[in-house]
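Structure at a glance
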Amino acid sequence: MTDKIDKGPAATPPAGPGASGTPYEAIKAIPVRHYGRWISAVVVAVLLAWLVYAFSQGKIIWGTVGDKLFDPSVISGLGNTVLISITAMALGLVLGILFAVMRLSKNPVTSFVAWLYIWFFRGTPVYVQLLVWFSLPLIFQYINLGPIYKNETVDVMTPFMVALLGLGLNEGAYMAEIVRAGIQSVDEGQSEASHALGMTQTQTMRRVVLPQAMRVIIPPTGNEFINMLKTSSLVSAVQYTELLRASSNIGTTAGAVIEMYFVASIWYLALTSVFSVGQYYLERRYARGSLRSLPPTPFQRLKANLNMFRRTEVAK
């Protein structure tokens, strides 16, 4: 016979969610204070204020900077800077794709020619290349393409053409390496599958490989264009009236050299800032499908920082 164990009255659950029948207290989360961030922010702000004060006490006529900022000659030079940057970048992009494909070709001749082009234009300064193109009439009096075209070299090599060839051919060498890296980042199985479906090498490159390689190509291409906006200032040496040359001409005649350099710097900063925003959103678009969640936009980041600041103030 089994003994029965008296367990006593059945345990009753508490009346409330707490052990004593009272409701739980709300948890009050206090954000961790990062004092180092505030100290570094104060130090940076003080140094920045000191730099601004130092320039404000220099012998600079700031009124001239404001007066000449929208001068017609400066605006015309600004337009020429944008024009030569876009056209040279377009030429460099086309040449980059062409020579990247040639570099990856199994044909030893085309591969060597592409390597030679990249080696030469990456190995010599762009300033020297501009001067060589500018001095081309000293070597060839005529540009003779037979029945197609013939003209005096001095008439063909205008300042715009010199700037376009100097910047575009140099950029093509860098873009060729960028495009080559993007193409090689695509898995070879993609090409094999395309060939199995009956696509030619050209169709595979255009429809399969290049669209996937864009995710790798776009970020450095954006950086190259931002750099092109600043490198375009070198074409002032070949008499192309872009932003720097236009500003320098005004500064020389008006006796405000340093002030006009500040005018040019302000416009260069404005150009690079605008195109940097465009580059960011272009990179964000091509990042779709490769990231689980897209990075926040600058406005979303600013909103998140403001919300965090408000929560910190409320917690205090």
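Everything numeric here is computed off the predicted structure, so don't read it as measured data. (Residues numbered from 1 in each chain as written. Predicted model: local features only at pLDDT ≥ 70, side-chain atom pairs only at ≥ 80, totals over all residues. Heavy atoms only, no water.)

Scanning the chain from N- to C-terminus turns up 12 helices and 2 strands. Along its sequence from the N terminus, the chain presents helices and strands in the succession α-α-α-α-α-β-β-α-α-α-α-α-α-α. Residues counted as buried form 30% of the 316 residues belonging to the chain. A separation of at least 24 residues holds for 70% of the contacts in the chain among residues at least 6 apart in sequence. (Helix = DSSP H or I, 4+ residues; strand = E, 2+ residues; numbered from the N terminus. Buried < 20%, exposed > 50% of the residue type's maximum accessible area, 1.4 Å probe, protein only. Contact = heavy atoms within 4.5 Å.)

Once that is clear, we can look at the pattern of salt bridges. Following the criterion strictly, the structure yields 3 salt bridges and no others. The partner of Glu177 in a salt bridge is Arg103, and the shortest N-O contact between them spans 3.0 Å. Here Glu177 is found in helix α7 (residues 159-184), whereas its partner Arg103 is found in helix α3 (residues 72-103), with 74 residues between them in sequence. Taking relative accessible area as the criterion, Glu177 reaches 18% and is therefore assigned buried. Here Arg103 falls in the partly exposed class, since its relative accessible area comes to 23%. With a shortest N-O distance of 2.9 Å, Arg180 and Glu177 are connected by a salt bridge. A residue pair is termed a helical-turn pair when its members lie 3 or 4 positions apart in one helix, as Arg180 and Glu177 do in helix α7 at 3 residues. No difference in accessibility class separates Arg180 from Glu177, as the two residues are buried. Connected through salt bridges with shared partners, the residues Arg103, Arg122, Glu177 and Arg180 form a single ionic network. (Salt bridge = Lys/Arg side-chain N within 4 Å of Asp/Glu carboxyl O.)

So, about the environment of Asn249. Of note, Asn249 is situated in helix α10 (residues 243-254). With a relative accessible area of 39%, Asn249 lands in the partly exposed category.

Okay, unusual backbone geometry next. Excluding glycine, residues mostly have negative phi values, and the peptide bonds linking residues are mostly trans. Although it is not a glycine, Gln239 sits at a positive phi angle of roughly 70 degrees. Within the fold, Gln239 resides in the loop between α9 (201-231) and α10. The partly exposed category is assigned to Gln239, whose relative accessible area is 47%.

Let's shift gears to the confidence of the model for the chain. Residues at a pLDDT of 70 or more form 83% of the chain, whose mean pLDDT is 84. Here helix α12 (residues 298-315) stands out as the element of the chain with the lowest mean pLDDT, 66, in contrast to helix α4 (residues 108-123), whose mean of 95 is the highest. (pLDDT = per-residue confidence, 0-100.)

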